[in-house]
Structures are given as C-alpha cells and as structure tokens.
Amino acid sequence: MDYTPLTKASKLTEVKTTIFTTVGNLARKHKAIDLSQGFPNFQADSKLKSLVSEAINIGYNQYAPMQGYYGLREVISDKIETLHNREYNPESEITVTVGATQAIFTAITAFVNKGDEVIVIKPAYDCYEPAIILNGGIPVFVQLNAPDYKIDWNIFRSKISDKTKMVIINTPHNPSGTMLTKWDMEQLENILKPTNIILLSDEVYEHIIFDGQVHESASRFTDLANRSFVCASFGKTFHVTGWKMGYCAAPAELMAEFRKVHQFAVFCVDHPVQRALAIYLKNPSHYLDLNNFYQQKRDFFLEGIKSSKFKFKPSKGTYFQLLDYTHISNEEDEAIGKRLITKNRIASIPISSFNVDNRNDHMLRFCFAKKQKTLEKAVEILCKL
Ligand SMILES: Cc1ncc(COP(=O)(O)O)c(C=O)c1O
C-alpha cells in the first residue's frame, strides 16, 4: 500500500514557523534585549488584576453568555458612542471575543466563500491571510512603500473586482506605525460606497496614538460603519495580551452572521475577566491616559537613538517603531536582524516578513512597550552600531 503522509492534506501549505517564534527563540538563546514581539514587559494595573480575582472569588466561574457579559457590552457601547459618536446596540451589535484575532478570524469565516477576493494592505499583521485561505478566499495585495507607507487610493481602487468580498484595514498600523487620516477614510468610504464589500477594520491600537492626533475609527463614517466589523483588543489596551480578550462591533445584520460562527468556534469567552473589565472600563482614564504613557516611551526611545546611524519617521501610533538601517549595512533585513541578536544581543522583527514576496525595505521593527531599564539598554546597544 502507498504511504501518503497525513500532512499531504495541509490546508495551509505556505504557513511555516512564524518570524515571531524564530526571533523569540533566538533572542532567548542569546539572552538578547527583546524588542521584537508586540507585548509589554511590565505589569498591568493591580486594580484590574484585583477585579479579576474578586470576580473569581465571587463565583463568576461558569460560562458567560455567548455574545459576552451584557454589562461589558454596555460599557463598550458607551465608550464607542462617546469617542466616535456611533451607537451600537449592546444586545445585537457587540460581541466579546478571544482577542482581536478571534474576531478577525470569525468575521472572515462568516463571510468569505471559495473564490472570494479579500484586499489586504501590506505590510500586514500575519493573521489575515491564513484565515482568508482556510475559507477558500484569495488575498489580493496592495503593497505600501517605505518610508511613509501611505495608501495610494488609485492603486487600491484598481484591485477591486466583482469578486471582492472584503477589505481589511489596520489603523494605527502594525508594523509601520502610520495612521489612516480622515481624508484616507473618506477615500475608502467613497470607493466602497457603490459596492457591497464588507470592511474589516483592525483597530487594536486605537488607544496608542501620539502627538494629539485623532483615531479615525471606521465607526465614525456612516457608510463605512454600515459595512464594518470593527475589531479591538483589551490585551493591547490594558497590558494583558495573555488574557486574549477583545471585541467586535458591527451592524446587527452582519453581527448575526458573525455570531453563528462565534458560537461554534468558542461559544463564549473567559467570564471573570469580562466581569472585571466591565468595571474597569467604566473609568475612561484607564484607556485615554494610554496615549501619553506610550508617547513618553516612544519619545525616550527616539531621543536616545537620535545620534545613532538609524533613520526613522516617528511612529504616529501603535507601540512599534520602524528603523531604517541603510547607513549601517546593506544586508537583507533577516540577516541583520539575526546578527543583531547573536552579536549585539538585541532582537527586532525584520519587516520583509510582513511584505509581499518578503520584499526587503531595509527596516527593522522595534517594540517600545518595555520597561524604562529595557529601553535604556536597547538605546545603548543601538547607538553603538
Ligand atoms: C494589528 C494586529 N491585529 C490583531 C492583533 C491580535 O490582537 P489580540 O492579541 O487581541 O488577538 C495584533 C497583535 O499583535 C496586531 O498587532
């Protein structure tokens, strides 16, 4: 009998070990200062942690409602209305999810069928494409260019076909640290208006925005909001990425389809954490103060490397900063990234892994969601290169 490997049936033949795992492992092996992965190395607010313990001790330890604890959905709805002037009905238009990742996967699964095209703007976070492919969809790329990573809306428009089912945007943008402006969102709105294309708006860094700018959520634009899944992450906002808590807001008609998938994928999400977040989220300073908190970190990092050989455009949002290393080396970004870990003991993410055909932009991504001490050490190393 012929031996056929079980993995021959892989649905994701292109997916290999991610750059995050490879870099993380190498950084640990060489005891490098790790500015590669997107999570803080400091603790969350002890108030929030106590609220979770209290919820567990009170006894909220069984399944939460499928859509999420109503009290939490209500505060989320109030938050969106206050910030973006859009009303989402907590009953039918908000669902609590296992991080933004599950919200994204669920929205794609609920709507993308075999042969549907989904526009993905590159460089892009890595969870979009596998979700599209697993559902038989076809990712159609719009590649942005360094150093500004701005969307050319004419190019974007040219990628739309009668097979386009969905468009994915991410603002503030990982990895470039750019943000879509009001003008950008209006261009997008005008392009999508005559179509029935769904918008998936990944807004996980909505509260990490610098220099007094405004986050132009898709929920601010009526025609966009009417076709959008807006995805958010409590992990990013409250320094608890390990809790994998997020949510998704969408008009009732779209949300009903989303929930059909959600209820069989996870059914519901961690109950005590939802109870805690419902209380914690009532105080807006818990998320509105984040801009300042991270701006100080960004500014410290950039001030520190001002005299280094790196070139950069200050990040406008997210906790990532791209550094252009052309004055240091003409190596591929993966090669210099690896060398910096093994020889100089500092880890970053090469941007090629986010680009179409792994194009090399001579950029490395550094995460500044780190303790002061970590940033000081990082600056010292980077200035010596
Ligand atoms: C752009 C972007 N979207 C989504 C996520 C995933 O968010 P979560 O951890 O809430 O699933 C991340 C995490 O790094 C991200 O950078």
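Structure shown above.
Remember, it's a predicted structure, so these values are computed and weren't measured experimentally.

Procedures and definitions
- Residues numbered from 1 in each chain as written.
- Predicted model: local features only at pLDDT ≥ 70, side-chain atom pairs only at ≥ 80, totals over all residues.
- Heavy atoms only, no water.
- Near = heavy atom within 4 Å.
- Polar contact = N/O pair within 3.5 Å; in protein donor to acceptor, adjacent residues only side chain to side chain.
- Areas by Shrake-Rupley, 256 points an atom, 1.4 Å probe, with all protein chains shown as cover.
- Helix = DSSP H or I, 4+ residues; strand = E, 2+ residues; numbered from the N terminus.
- Buried < 20%, exposed > 50% of the residue type's maximum accessible area, 1.4 Å probe, protein only.
- Contact = heavy atoms within 4.5 Å.
- Patch = residues over 30% accessible without salt bridge, like charges linked within 9 Å, V, L, I, M, F, W, Y side chains within 5 Å.
- Salt bridge = Lys/Arg side-chain N within 4 Å of Asp/Glu carboxyl O.
- Lys, Arg positive; Asp, Glu negative; His and termini not counted.
- Charge placed at Lys NZ, Arg CZ, Asp CG, Glu CD.
- Core = buried A, V, L, I, M, F, W, Y, C linked by side-chain atoms within 4.5 Å.
- Axes fitted to C-alpha atoms, helices over the stretch in contact; angles between N-to-C directions.
- Parallel < 35°, antiparallel > 145°, perpendicular 65-115°, else oblique.
- Pairing = 2+ DSSP bridges.
- Phe/Tyr/Trp six-rings, centres within 6.5 Å; stacked < 30°, edge-to-face > 60°.
- Lys NZ or Arg CZ within 6 Å of the ring centre and 35° of its normal.
- Expected span 1.5 Å × (residues − 1).
- Bend = angle between axes of the 7 residues up to and from the residue.

Before going further, it helps to spend a moment on the site of the ligand. Every residue near the ligand is listed here: Gly99, Ala100, Thr101, Tyr125, Asn170, Asn174, Asp202, Val204, Tyr205, Ser233, Lys236 and Lys244. Residue Lys244 places a side-chain N or O atom 2.6 Å away from an oxygen atom belonging to the ligand. The fraction of the free accessible surface of the ligand (400 Å²) that becomes covered by protein chains is 94%. Here the shell around the ligand takes three residues from helix H4 (residues 99-111), the largest share from any one element.

Burial analysis of helix H11 (residues 271-280) places nine of its 10 residues in the buried class, which makes it a mostly covered element. Of all the residues in H11, the buried ones are His271, Pro272, Val273, Gln274, Arg275, Ala276, Leu277, Ala278 and Tyr280. For H11, the elements touching its buried residues are helix H2 (46-58), helix H3 (70-84), strand E2 (94-97), helix H9 (234-237) and helix H12 (285-288). The backbone nitrogen of Val273 has a side-chain oxygen 3.0 Å away, supplied by the residue at the start of H11, namely Asp270.

A surface patch of like charges, here negative, comprises Glu74, Asp78, Glu81 and Glu87. Considering the arrangement of structural elements, one finds Glu81 in helix H3.

Time to look at the nonpolar core. In terms of nonpolar packing, the biggest core is built from 62 residues, with Ile76, Phe156, Phe234 and Phe238 touching the most fellow members. Apart from residues lying up to four places away in sequence, Ile76 is in contact with Ile94, Val96, Phe234, Tyr247 and Leu281. Counting 56 residues, the second-largest nonpolar core is a separate cluster that includes Ala100, Leu200, Ile336 and Phe368.

Below, the discussion takes up the packing of H4 against helix H10 (residues 252-265). Packing of H4 against H10 leaves a shortest axis separation of 8 Å and a crossing angle of 105°. On the basis of their axis angle, the class for H4 and H10 is roughly perpendicular. Each of Gln102, Ala103, Thr106, Ala107, Thr109, Ala110 and Phe111 in H4 lies in contact with H10, whose residues at this interface are Leu254, Glu257, Phe258, Val261 and His262.

Along the chain, the position of Lys313 falls in the loop between helix H13 (290-304) and strand E9 (320-324). Judged by relative accessible area, Lys313 falls into the partly exposed class, the value being 46%. Distance in space between the C-alpha atoms of Lys313 and Ala110 is 38 Å, their sequence separation being 203 residues. Non-local contacts of Lys313, meaning those with residues more than four positions away in its chain, are made with Pro147, Asp148 and Gln321. Reaching out from Lys313, the side chain makes a polar contact with the side chain of Asp148 at a distance of 3.1 Å.

Moving on, we get to the sheet that holds strand E7 (residues 228-233). Overall, mixed pairing links the seven strands, which are arranged E2-E8-E7-E6-E5-E3-E4 in an open sheet. Taken across any chain shown, the strands that pair with only one partner, and hence form the sheet edges, are E2 and strand E4 (138-143). Going from strand to strand, the sheet's axes swing by 20° on average, the running direction of each strand aside. Pairing of strand E5 (residues 164-170) with strand E6 (residues 198-202), which is carried by five bridges, proceeds in the parallel orientation. What sits directly across from Asn170, in E6, is Asp202. Against the sheet, H10 engages E2, E6, E7 and strand E8 (246-249), with an angle of about 30° to E2.

This brings us to the packing of aromatic side chains. According to the stated counting rule, one finds 19 aromatic pairs in the structure shown. Judged by centre distance (5.4 Å) and plane angle (75°), the ring pair of Tyr205 and Tyr319 falls under edge-to-face. Separated by 114 residues along the polypeptide, Tyr205 in the loop between E6 and helix H8 (222-225) and Tyr319 in the loop between H13 and E9 bring together distant segments of the chain. Ring geometry for Tyr205 and Phe320: centres 5.7 Å apart, planes at 80°, overall edge-to-face. Separated by 115 residues along the polypeptide, Tyr205 in the loop between E6 and H8 and Phe320 in strand E9 bring together distant segments of the chain. One aromatic cluster in this structure is built from Phe42, Tyr205, Phe293, Tyr294, Tyr319 and Phe320. Sitting over the face of the ring of Tyr69, Arg275 holds its NZ or CZ atom 3.8 Å from the ring centroid. Residue placement shows Lys370 over the ring face of Phe39; its charged tip is 4.7 Å from the ring centre.

This part covers H10. Spanning 14 residues, H10 covers 19 Å between terminal C-alpha atoms, matching the ideal 20 Å at 1.5 Å per step. Along H10, the largest kink reaches about 25° and is centred on Phe258. At its buried positions, H10 is contacted by H3, E2, H4, E6, E7 and E8. Two residues or fewer past H10, Phe267 is found with a positive phi of approximately 60°.

Attention now moves to the sheet that holds strand E11 (residues 349-350). Spatially, the three strands line up as an open sheet ordered E9-E12-E11, and their pairing is antiparallel. Two strands lie at the open edges of the sheet, namely E9 and E11, each paired on one side alone. When E11 meets strand E12 (residues 363-367), the two strands line up antiparallel, connected through two bridges. Paired with Pro350 across the two strands is Leu364, which belongs to E12.

Turning to the environment of Ala9, a few remarks are in order. Relative to the elements of secondary structure, Ala9 occurs in the segment before helix H1 (19-29). C-alpha separation for the pair Ala9 and Gly24, spaced 15 residues apart in sequence, amounts to 29 Å.

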